[in-house]
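The residues making up each chain are set out below.
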Amino acid sequence: MFAKFMLPAAAAASLFSAQAFAQDLTGTLKKIKDTGTITLGHRESSVPFSYYDDKQQVIGYAMDLCSRIIDSVKRDLKLAKLEVKLNPVTSATRIPLMANGTVDLECGSTTNNLDRQKQVAFTITHFVTANRFVSKLSSKFKTVDDLKGKTIVSTSGTTNIKQITEINSQKNLGLNILTAKDHAEAFLMVETDRAAAFVMDDILLFSLVATSKSPKDYVISADALSVEPYGIMLRRDDPAFKKVVDAAMVAIYKSGAINAIYDKWFLKAIPPKGVNLNLPMSAAFKKVVVNPTDSGDPAAY
Amino acid sequence: MNYHWNWGIFWDISPDGAHSYLQTLLLGTTWTLATAFFAWCLALLFGSIIGVIRTTPNAWLVRLGNAYVELFRNIPLLVQMFLWYFVLPEVVPQAIGTWLKQQPNASFYTAVVALGFYTSARVAEQVRAGILSLAQGQRLAALALGLTLPQAYGFVLLPMAYRIMLPPLTSELLNIIKNSSVALTIGLMELTARARSMQEFSFQVFEAFTAATVIYIVINIAVTFAMRALERRTAVSGFIGASPAAAH
């Protein structure tokens, strides 16, 4: 009798939860459904992830991924029309704008790490970069040990500067570490010999060198100081929205669509200058494509 | 708002491994104070000289002073910082430029110079206004007594002009403390830069900038009180400025 009672109860419960899912949307999904709009946070000069082209349109690798995520969200919510708003963010504004609900997704080149996960959530990793340094070819620096006693620069507030500070004290290199306001300025310091090397995510170094006045004068170190996964950022404690976004990312990877998107931005000429970064998929990122992960722990890559 | 408040973050160890976040903010505060202090000395010295020569009878000195003020007052502070930091070492002979670029605390010295000159133009304007606000008879009487022009300035005009200028100079001093934050653009790790890097590392943006705001307010209120005390101490009875009797 007990079993007889249980079965319809379980069926009713599952029916109820299915209905609950359809009607009682919470968090970001509810907001998107109610307003019919989704707001993307984008960067202004994070080439090739998210930046303005020569026609002042926001383009980039992360923007392409986000537009596919938006298609999935639209399908999931069965919306006939979903308006997409763009909102520029900087490294200083992305957290407040995410927290107060101005932007729903941040499509750029934000490192996913465990400290940051206390404040925001990240979907599946969309790029794996490594921390390296760029220096002038003429100065012949190969490894970080060659920089002993030199002045180096990194961008303030990055995980890169944190790592080089740690390496400096571990290896007792006696580096004079300068901080620059942004990547362009840090590169300028190497260009004008204020600093011997610029420590940064290799992908950003590649694009800085590629767009510099004389790309052949610079060399990027072969040995990597660390691994950094990039992720598209969303609000924390919103599992329903994260589930939809994660599923969309996994679908892009599993369907193989990622290859075309990746090639478009990293292996072909990109606007505005028609520079080709010529950067094939790294082994670490290929692993992510096969086994999608949103881990913020560098050891997972 | 979906924000995870964590006021305990200040006691967490920052990525440099040696200091807590609060300590890094305080380290930044010392750079802010050092930059503001040395820049203020420079601004007061050059501002006074330029302000004085703009009130002298010599037309060429006046023109020189005017040109100085217009040059440093009309270029945005941010641009001036960039010019001193990035352009100056490239236009001087290469050996000097390389030497300049290899100074260990280059961004600090550059910030002091840039901020000092920028503020000196504003101080010069106030010094001039202070001197011109004195009755013309003061100058004439001093000269008629047989004082030379430098003596007239030193013994008669400036002691009064500086007393008149104290309140606007207080504002200028508060400005220089706040303006020192522009030095973060040339890599000086002062208070605002520390708050920015704290929010980058921890993502606790509101806590970081609240702390910076409170520190700036505390410093500026302290400076305001100190300057008021100075006004009262230097006040001359029956003359302009805060009178000792009025201060209960």
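Residues numbered from 1 in each chain as written. Chains lettered and ligands numbered in written order. Predicted model: local features only at pLDDT ≥ 70, side-chain atom pairs only at ≥ 80, totals over all residues.

**Some thoughts on the overall build of chain B**
Assigned secondary structure in chain B consists of 9 helices and 0 strands. Ordered by position from the N terminus, the helices and strands of chain B form the series α-α-α-α-α-α-α-α-α. The buried share of chain B, taken over its 248 residues, is 36%. Within chain B, residue pairs in contact and separated by at least 24 positions form 71% of the contacts whose partners lie at least 6 positions apart. (Helix = DSSP H or I, 4+ residues; strand = E, 2+ residues; numbered from the N terminus. Buried ≥ 20, exposed ≤ 12 C-beta atoms within 10 Å, placed from the backbone. Contact = placed C-beta atoms within 7 Å.)

**With respect to the interface of chain A and chain B**
Taken residue by residue, the interface counts 30 residues in chain A and 26 residues in chain B. Looking at the side of chain A that touches chain B, the elements that each hand over two or more residues are α4 (94-99), α5 (159-171) and β10 (176-180) of chain A. For the side of chain A that touches chain B, the class distribution of residues is 8 nonpolar, 11 polar and 11 charged. (Nonpolar A, V, L, I, M, F, W, Y, C, P; charged D, E, K, R; others polar.)

**What to know about the packing of helix α1 (residues 21-53) of chain B against helix α7 (residues 149-179) of chain B**
All names here are of chain B. Look at α1 against α7: their axes get within 11 Å of each other, and the N-to-C directions meet at 145°. Read as a crossing pair, α1 and α7 show a hand that is right-handed. For the pair formed by α1 and α7, the contact residues are T32, A36, A39, W40, A43 and V52 on the first element and Y153, L173, I176 and I177 on the second. Broken down by class, the residue content of the contact of α1 with α7 amounts to 9 nonpolar, 1 polar and no charged. (Axes fitted to C-alpha atoms, helices over the stretch in contact; angles between N-to-C directions. Left-handed = near helix turned anticlockwise from the far one by under 90°.)

**Digging into the domain arrangement of chain A**
All names here are of chain A. In terms of domains, chain A is made up of domain 1 (27-128 + 228-300) and domain 2 (130-227). The distance between the C-alpha centroids of domain 1 and domain 2 comes to 27 Å. Contacts between domain 1 and domain 2 engage 14 residues on the former and 12 residues on the latter. (Domains from an automatic or database assignment.)

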